[in-house]
Each structure stands twice: as C-alpha cells, then as structure tokens.
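Per-entry structural report
So the chains spell out like this:
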Amino acid sequence: MKSNVIVERAPDGSARLSVSARQRRFNRIGLMFASPWIIGFLCFTIVPVGMAIYYSFTNYDLFSRQDWVWFQNYVDIFHDRYIWKSLGNTMYVTLIGTPLGQVVALALALLLNQRRIKGIPVFRTLFYLPTLVPIVASSMLFMWVLNGNHGLLNTVLGWFGIPGPYWLSDPKFTKMALIIMDVWRCGTGMIIYLAALRSVPETFYEAAELDGAGPVRRFFSITLPCISPTIEFQVVMSMISHFQYFTQAYVFASLTDMSNGAGGGPGNSMLFYCLYLYRKAFLQYKMGYASAMAVLLAIIVIVATAIVMYFSEKSVNYDVE
Amino acid sequence: MKTKHGPSLSSRITRFVGIFLLFFFAAVFALPLYWMIRTALMDDALVFSIPVRWVPDPAVWENFVTVFQRMDLAKYIRNTVFSSVMPVIGVLFSCPFIAYSLTKVPWKGGKIIFPIILFTMMIPWQVTQIPMYSIWAKLGLTDSFVPLILPTFFGSGYYIYLCRQYMKSLPNSVIEAARIDGAGDLRILYTIVYPMCKSTLTTIAVLVFIAHWNDLNGPLLYLQSSSKYTLSIGLQQFRKADNPEWPLLMAASTVFTVPLIALFFFAQQYFLNGISTTSGLK
C-alpha cells in the first residue's frame, strides 16, 4: 500500500524524496529477506570459525581444560609423525585418484558422445548408476567385491591367471582399493564432461575431417583444447575433495582395523588427514589440536579454491561459440 | 556424414572400437551392481563356495525379510527419511528467500552478501564441526536431529548460489509491475517467483535429499543412541557388530540404494540439470 502512495507522488516534483524513501523501503525488505542468512552466517559460520581459531591456540578437550597454549598445537602438528603419514596418504590418493578418475570420466563421456549410435541414454544411465549408491553402501559393496578370496575383482583377475592381492588387508593395496571404488563412482564427472563435449561446435570437426585429420588427431587438436577449461575446473575440484577425503576412508579403515576402532586401517595405510582429524577430535577429545589441523586444512582448501575461481573465471571468458 | 562415398574403412574401425568399448565399460560398471544383488539373494553358506556361483540358485528372497528383523531397518529408514526430508523443507524455505533478496530487491546489501556467501563455500566443514559440536553439546542437543536439520533453515551457501543463478535470469519487469499493483514482496515471492523457479527448486530438492540420505559424518557425530540411527550409521554398525554376513549386508545396501535409483528415474532431468549447473557449464 505504501509503495502506491510513493509511486503516485513521484511525478509531483518530490522525486528525490520519494526515491530515497523507496530506497529505504527496499533496504528494509532486502534486510528482511536476507535475515535468515545473516542469522545463519553469524551462528553457523562466523562464531564457529572464530571459536575454531581460538581453540587452535588452546588445549581444549571439550570437558575441563581450555588453557591458552600459543602455538604449541601447531608446533606439535609439525612434529607429529602421524600427521606426515596422513599427509602422505592424502597426497597418494590425490595424485593417483584425481588423474585416474578424470581420465575414466572423460573416456566414458567420449564414448557417450559418439554420433550414429543408438541407446546412448541407456549407457549414460548405466555409467551414472554407481554414483547413486550411497557412499556407505558402496563401501560395503566394495569391501565384498575386493574380498581377497571370494571377491568379484579377484575372481575376474583369476580368469586371466592374475593372482589378485588382498586389497583390504595389505597396506600396499588399501589406498588402491579406495581409488578403484572412487573411479567406479565417477558418474558426476562424466556428465560434466559430456556437457562440455556437446558444446564443442560440430563445424570444427567437419572442417578437420575434410582436412583428413583422424580421430586421434581430432581429439588432441580440437576436443582437448575446447574442453580444457572444464578439465582444469574438474581437476582442481577433485583435488579439493581429496584433501577432505573422509567417508569412504572412515568406513574402510574402521572395518578393516578391528583393533582400535576408527584407526587408519592396516598399518595406518588409510589414515588420511581428515580421518586423523576426526580421530583426534572425537575419539581422543584433543579439540585444540584438531582445530589447529582444521585451520591448516582451511588454508590449503581456500588457496586451492582461489585457483578454481581463477580457472572458472577463465572458462567463462573462453567461449567457443 | 558429409563424405561422398559413405564411411571410409578407418571410420568404420573407429566406430566398431567405440561400440566395443561402450559395451566393455558397461559390463565393468554394471558388474559390481549385479554382484550386490546376486549376493543379496544368496544363501549365506553358498557365498564362499569355489568356484564362484554367479546366479543365486535358489534365490533367497527371505534375506530381505531377515535383514529387516536383524537390523531394525524399518526404523533406520524412517530416521533417514526424516533427516533427509526436513533439510529439503529447510532449504526450500530459506534459499529462495535469500536469493530473492540478492537478485530482485535493489538494495546495497545484496552486493556485499553475495561475495561473502561465495567465500563461506570455501571453508571446509571440518573447521566449523568442532565448535558446532561443543555448542550443540552445551545446548544439550547432541543425540538429536536438531543439529542436522536446523542449520538448513538458515540457508546453505551452495544452494543459495544455485537459486540465485536462476532467479537472476527472471525478468525484473514482472516483479516491478506487481509492485506497482501494490503486491507485497512476500506475495511476489510466493505467487510469482516460486512458480517460475519450479525446475531449479526441484533440482535443489533432489540434491539436498541425496546429500542428506548419503551423509555419514553428521549422524556419526550427533546420533549416538541406536533408536536414532540412520541407514549410514546402521549399516556401518551392523557390519561392525557381526562377522560379515554378506548376503544380509548386501540386502541392506540394496534397500539403502533403491530409493535413490527410483528418485533418479523419476527426476532424471533434474539430476542432469543440477550437475551441469553446478559445474558452471550453464
């Protein structure tokens, strides 16, 4: 009702006043609609982040102690050999899991992008289905698929005379077991690559075909450059999610290492940074120490995300059409 | 197809290899799923037989009944549905609200808030998890669904972002016309903007539902008593408690998976939409 009055008055020469009245009204409405976020931001982001930084300088244990210890946690982290072990494991899955996952996702997308083949939607659904299996269910499934004596993978390997390893109990193979499962669940990346491939203009390929370029040459000279922004985006996103590797590792590690609950699996071979963080915080209640670990993780992730932003910015500018 | 003499030999070979690989990968990706269903229908004693039995014969459908008795699966399903549907309601309530303020209300705050939202998306949840836990513990709300649900009613950066991207593309003229006609902004949001955003909101609903259906970390921290377990925790605990009884575990995993696959077949386009929107391709 109020706005009616203002709008009608506007032509009367009191334009400036009504504009500022309008603006004040919009400020009030904007604030009202944004208020859930503002409250949430304060309660679920600002306050906890502040507390986490504060905790990281204390020996907080959730119950009794909360003394200021300066940089002791950070110094301890530097001297904690499990931190280095967990960082090493995290780097392992990042450096092997990321390229492998991306190559398979892209390969599947390329197969789905073939022209003149019927039933592509059926194949697309089939490749995507594993992603829909909830992560805990899929971890259970793969602990069975990768079972040393009776599992699916070793049975199939047996057909070719390859003795499959004990994926889940041999520390050399446990991380590979996780990576195999992650590659099976690469459907989301595949869909993204497929969308990118479909945005490459057909005329590029036709021109190349007329010039006599074969499929391999077309892939490296046309497809790859055209979808490179998507690849960069995907690689960095995948790296960030690997830094935060937790759920699969938690399920695998806690079920293959019966001795100490949520340990790091056989020989701590599945002790990843975030699993170790969880163990420190919620099994040993070293909240101060774990907070310092979380703060360091945030720094790593923010730097990496800044890189994603930079690349996605580039992909917006890079328009083939 | 522009060549005059039909497909050449090399293109026919390429095509054959392409089709072959398509079927090969299809088999590789489908086999574990088959393995799950095959084991779920198998007699416990036959699981470890050598050579491997590929077809469960006879098919033991009772496994699905047994697992409901042994695991209290019905309760886990109820809890999981509750802790997945409530966040959907929360997000659908809060995010369009906030996105409206960012896109359709001409005020200064919008320009300040949006970059902050983007920045908060970079903060890993591991950072806020410890302080949040101690806050909920002080409020006596651990071992309840409140910590899993309440925050969604205050918006979540990622879904606000999705909602904002779409709302930005809606024409302002419709909203201005409604304002001149004297409609309040709340009414504009619910009668004009909401219906226009239907497909984006459905996409968001699907994404939120799946994320919470899958979640292990939240329930792991906040749901301690077994009467509150979700499927994630229940499955994990069941495996821990016994020697692995693979047929029952696989039956439970199948039950855990089927709703998402059903959802996928009903809302396929929203899944695919959601994925390509989030990757910045749209």
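All of these numbers come straight from a predicted model, not from anything done at the bench.

1. A look at the overall build of chain B
For chain B, the helix and strand inventory stands at 14 helices and zero strands. Secondary structure elements in chain B, listed N-terminal to C-terminal, are α-α-α-α-α-α-α-α-α-α-α-α-α-α. Relative to a compact globule of 282 residues, whose C-alpha radius of gyration would be 19 Å, chain B shows 25 Å and is clearly more extended. Based on the C-alpha atoms only, the size of chain B along its principal axes is roughly 75 × 75 × 35 Å. Considering only contacts in chain B between residues 6 or more positions apart, those separated by 24 or more positions represent 73%. Total accessible area on chain B is roughly 13,000 Å²; 67% of this is exposed by carbon and sulfur atoms. Separation of charge centres in chain B, based on 22 positive and 12 negative side chains, amounts to 16 Å.

2. Here we look at the state of the cysteines
Applying the stated rule across the entire model yields zero disulfides over all chains. Cysteine C43 of chain A is unpaired, with the sulfur of C95 of chain B as its nearest cysteine sulfur at 16 Å. The structure places no disulfide on C197 of chain B, whose sulfur is separated from the nearest cysteine sulfur, that of C163 of chain B, by 5.5 Å.

3. Considerations on the interface of chain B and chain A
The interface of chain B with chain A comprises 95 residues on the first partner and 100 residues on the second. Taking both sides of the interface into account, the surface hidden between chain B and chain A amounts to around 8,800 Å²; carbon and sulfur atoms contribute 78%. Applying the counting criterion to the chain B and chain A interface returns one salt bridge. Residue R25 of chain A pairs with D185 of chain B through a salt bridge whose shortest N-O separation is 4.0 Å. Element by element, the count of residues in the side of chain B that touches chain A is highest for helix α1 (residues 9-40) of chain B, at 19 residues. Tallied by class, residues from the side of chain B that touches chain A come to 66 nonpolar, 20 polar and nine charged.

4. Regarding the domain arrangement of chain A
What the domain assignment reports for chain A is domain 1 (2-55) and domain 2 (77-317). Summarising the inter-unit geometry, the C-alpha centres of domain 1 of chain A and domain 2 of chain A are found 43 Å apart.

5. Observations concerning the packing of helix α4 (residues 81-112) of chain A against helix α5 (residues 120-132) of chain A
Residues and elements named next belong to chain A. Put simply, α4 and α5 touch, their axes get as near as 10 Å, and they point 165° apart. As summarised for this structure, α4 and α5 are arranged roughly antiparallel, according to the angle between their axes. Classified by chirality, the crossing of α5 by α4 is right-handed. Of the residues in α5, those touching α4 at L108, L111 and L112 are I120, F123, R124 and F127.

6. Here's the deal with unusual backbone geometry
A positive phi is found at Y285 of chain A, a non-glycine position, where the angle reads about 55°. Residue position: Y285 of chain A is located in the loop between α13 (273-282) and α14 (287-317).

7. Observations concerning the pattern of salt bridges
For the coordinates displayed, the defined rule picks out seven salt bridges over all chains. A salt bridge links D61 of chain A to R65 of chain A; the nearest nitrogen and oxygen atoms lie 3.8 Å apart. Relative accessible area serves as the criterion here: at 13%, D61 of chain A is assigned to the buried category. Assessed through its relative accessible area of 42%, R65 of chain A is described here as partly exposed. Overlapping salt bridges bring together R25 of chain A together with R179 and D185 of chain B as one network.

Parameters and conventions
- Position numbers for residues count from 1 along each chain, tracking the sequence in the order it is written.
- By the order in which they are written, chains take letters starting at A while ligands take numbers starting at 1.
- Thresholds applied to this predicted model are a pLDDT of at least 70 for local features of residues and 80 or more for the giving and counting of side-chain atom pairs; totals over whole chains, interfaces and linings are not thresholded and use all residues.
- Derived side-chain values reflect all non-hydrogen atoms in the structure, with water molecules and hydrogen atoms excluded from consideration.
- A run of H or I in DSSP becomes a helix once it reaches four residues, and a run of E becomes a strand once it reaches two; helices and strands are each numbered from the N terminus.
- Every radius of gyration here is taken over C-alpha atoms, with the globule rule written as 2.2 Å times N^0.38, N being the number of residues.
- A contact between two residues is defined here by any heavy atoms of the two lying within 4.5 Å.
- Accessible areas in this description were obtained via Shrake-Rupley with a 1.4 Å probe; residue shielding takes into account the shown protein chains only.
- Only four residue types enter the tally: Lys and Arg on the positive side, Asp and Glu on the negative side, with His and both chain ends excluded.
- We put the charge of a Lys on NZ, of an Arg on CZ, of an Asp on CG and of a Glu on CD.
- Disulfide: a pair of cysteine sulfur atoms within 2.5 Å of each other.
- Accessible area, probed at 1.4 Å, shrinks when two parts are joined; the buried area is that loss added up over both.
- By definition, a salt bridge exists where a carboxyl oxygen of Asp or Glu is found within 4 Å of a side-chain nitrogen of Lys or Arg.
- Polar here means any residue outside two lists: the nonpolar Ala, Val, Leu, Ile, Met, Phe, Trp, Tyr, Cys and Pro, and the charged Asp, Glu, Lys and Arg; Gly therefore counts as polar.
- The domain boundaries here were taken from an automatic or database domain assignment.
- The axes used here are C-alpha line fits, helices contributing only the stretch in contact, and every angle between their N-to-C directions lies in the interval 0 to 180 degrees.
- Roughly parallel covers angles under 35 degrees, roughly antiparallel covers those over 145, roughly perpendicular covers 65 to 115, and oblique covers all other angles.
- Crossing handedness is read from the near helix: turned anticlockwise from the far helix by less than a right angle, it gives a left-handed crossing, and turned clockwise, a right-handed one.
- Note on exposure labels: buried denotes an accessible area under 20% of the residue type's maximum, exposed denotes more than 50%, and partly exposed covers the range between, all computed with a 1.4 Å probe on protein chains only.

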